[in-house]
Amino acid sequence: MKSLSTLQIALGVSVIVHAALLTVRIVDPEGFNRVFQDTPLEVVLVNARSNEKVDRAQAIAQAALAGGGEAEKGRATSPLPASALTSIGDAAEDAQQKIETMQEEQMVMLANLKRTLAAMPPADPKQARSNPEAAAREEKRRHLVKLLAEIEKRINEENARPKKRYISPSTREEVYAVYYDALRRKIEERGTTNFPELAGRKLYGELTMIVTVNHDGRVTDAEIVESSGNRTLDRRAATIARAAGPFGRFSEAMRRKADQIVVVSRFKFTREDTLETRLTNR
């Protein structure tokens, strides 16, 4: 060993390490890939600590924390990629509430305009030509009639558009719960039965998709808003979501609130060759 240079020793160690890794890759290729490719570790902040040693950490934090604080099962996860997407659900829900508020205000304004016009005296063109006060009243009448027509047109256009309801963990109402559960089960069953493959190899990964379902149960859109990093898997996931439908017609209670529902869901194709879906957390 004394006759060997430092460079020769380093090269020898490097050859031994690479040979060991190559041996592991040949003996257990799936285990090798799982260790080096599919073990994400999140960095989070926690507001509690524990003295219990964590054997298999799910995240890096400023203090050791066994379990998930107050979470009943493990750590309450909130993956960083999904958090960027939840703003879609938040923004859409806020926009829907604003639209509903605006529609209510328009209806109130419409009723007030009709009452004002009904209270005005009948139009008299001859008096309007000779009396300035009558002329001003007729001008006001024309303005109110024009405004009334504009509001009615806007309301009719808005009523012609499908009413959408965005389903998320914090907004899922009881009227949609049973329907969503059946939808989720059908998509997961379809994805597990037709698990994505490419050239005989299973495709694993996670992605986030917005699925729009019409009142007759048809899937009108399946949009990938966060890719798995594999375009083939993304396309297969969208195909699975579309093929899982139709999901059945909306109930009367659902139709009173929406013509379509929009579900922002996390799709996970697991190593157990199953599809798991969940609504994204806000």
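Please read these numbers as outputs of a predicted model, since none were measured by experiment.

On to the overall build of the chain, then. Each helix and strand in the chain was counted, giving 8 helices and 9 strands. For the chain, with 282 residues in total, the buried portion stands at 30%. Residue pairs at least 24 apart in sequence account for 63% of intrachain contacts in the chain once pairs closer than 6 positions are excluded. Per element, the accessible surface of the chain, about 18,800 Å² overall, is 54% carbon and sulfur.

Another aspect to go through is unusual backbone geometry. Here the amide bond leading from Gly245 into Pro246 is cis, since omega sits at 0°, within 30 degrees of zero. Looking at the secondary structure, you find Pro246 in the loop between helix H7 (231-244) and helix H8 (252-257).

Time to look at the pattern of salt bridges. Evaluated as defined, the whole model comprises 9 salt bridges. Among the salt bridges present, the one from Arg142 reaches Glu139, with a minimum N-O distance of 2.6 Å. Taken together, the residues span about one helical turn, with Arg142 and Glu139 both in helix H5 (residues 132-160) at a distance of 3 residues. Relative accessible area serves as the criterion here: at 52%, Arg142 is assigned to the exposed category.

The element strand E8 (residues 260-269) is largely enclosed, with a buried count of 9 among its 10 residues. Of the strand pairs in this sheet, strand E3 (residues 164-167) and E8 are connected by 4 bridges, and their pairing is parallel. The residue of E8 that forms the bridge with Arg165 is Ile261. In the sheet, strand E6 (residues 205-214) pairs with E8 via 10 bridges, with the strands oriented antiparallel. Pairing of Val213 across the sheet is with Ile261, part of E8. In terms of strand pairing, E8 meets strand E9 (residues 275-279) through 5 bridges, oriented antiparallel.

One pass over the structure, following the stated rule, counts 3 aromatic pairs. Judged by centre distance (5.8 Å) and plane angle (55°), the ring pair of Phe195 and Tyr204 falls under tilted. Of the residues examined, Phe195 reaches a relative accessible area of 8% and is grouped as buried. Looking at Tyr204, the relative accessible area reads 27%, which means it is partly exposed.

Counting 30 residues, the largest nonpolar core has Ile261 and Phe269 as the members making the most contacts within it. Counting residues per element, the ones that place at least two in this core are helix H6 (174-193), E6, strand E7 (219-226), H7, E8 and E9. Residue contributions to this core peak at 6 residues, all from H7. Counting 7 residues, the second-largest nonpolar core is a separate cluster that includes Leu110, Leu117, Met120 and Leu148.

A word on H7. Under the 1.5 Å per step criterion, the end-to-end length of H7 is 20 Å for 14 residues, consistent within 8% with the ideal 20 Å. Those residues of H7 that fall on the buried side of the exposure criterion are Thr232, Leu233, Asp234, Ala237, Ala238, Ile240, Ala241 and Ala244. Between a side-chain oxygen at the N-terminus of H7 and the backbone nitrogen of Thr232 the separation is 2.9 Å; the capping residue is Asn230.

The next point concerns the environment of Ile151. The residue Ile151 is located in helix H5 in this model. On the accessibility criterion, Ile151 (1% relative accessible area) is buried. Sequence separation between Ile151 and Leu110 is 41 residues, and the spatial gap between their C-alpha atoms is 6.9 Å. Ignoring sequence-local partners within four residues, the contact set of Ile151 consists of Gln106, Met109, Leu110 and Leu113.

Before going further, it helps to spend a moment on the environment of Ala237. Mapped onto the elements, Ala237 comes out in helix H7. Among the residues examined, Ala237 registers a relative accessible area of 0% and is labelled buried. In this structure, the C-alpha to C-alpha distance between Ala237 and Ala222, residues 15 residues apart in sequence, is 9.0 Å. Those residues in contact with Ala237 that lie beyond four places of it in its chain are Leu207, Met209, Phe267 and Phe269.

Once that is clear, we can look at the side chain of Gln260. As for its placement among the helices and strands, Gln260 is situated in strand E8. Engagement of the side chain of Gln260 in a polar contact is seen with the side chain of Asn214, the distance being 3.3 Å.

On average, residues of the chain carry a pLDDT of 75, and 65% of them reach 70 or more. Confidence drops under a pLDDT of 50 for residues 68-90, and excluding neighbours within four residues, the segment shows 26 contacts in the predicted structure.

Conventions and cut-offs
Residues numbered from 1 in each chain as written. Predicted model: local features only at pLDDT ≥ 70, side-chain atom pairs only at ≥ 80, totals over all residues. Heavy atoms only, no water. Helix = DSSP H or I, 4+ residues; strand = E, 2+ residues; numbered from the N terminus. Buried < 20%, exposed > 50% of the residue type's maximum accessible area, 1.4 Å probe, protein only. Contact = heavy atoms within 4.5 Å. Areas by Shrake-Rupley, 256 points an atom, 1.4 Å probe, with all protein chains shown as cover. Salt bridge = Lys/Arg side-chain N within 4 Å of Asp/Glu carboxyl O. Pairing = 2+ DSSP bridges. Phe/Tyr/Trp six-rings, centres within 6.5 Å; stacked < 30°, edge-to-face > 60°. Core = buried A, V, L, I, M, F, W, Y, C linked by side-chain atoms within 4.5 Å. Expected span 1.5 Å × (residues − 1). Polar contact = N/O pair within 3.5 Å; in protein donor to acceptor, adjacent residues only side chain to side chain. pLDDT = per-residue confidence, 0-100.

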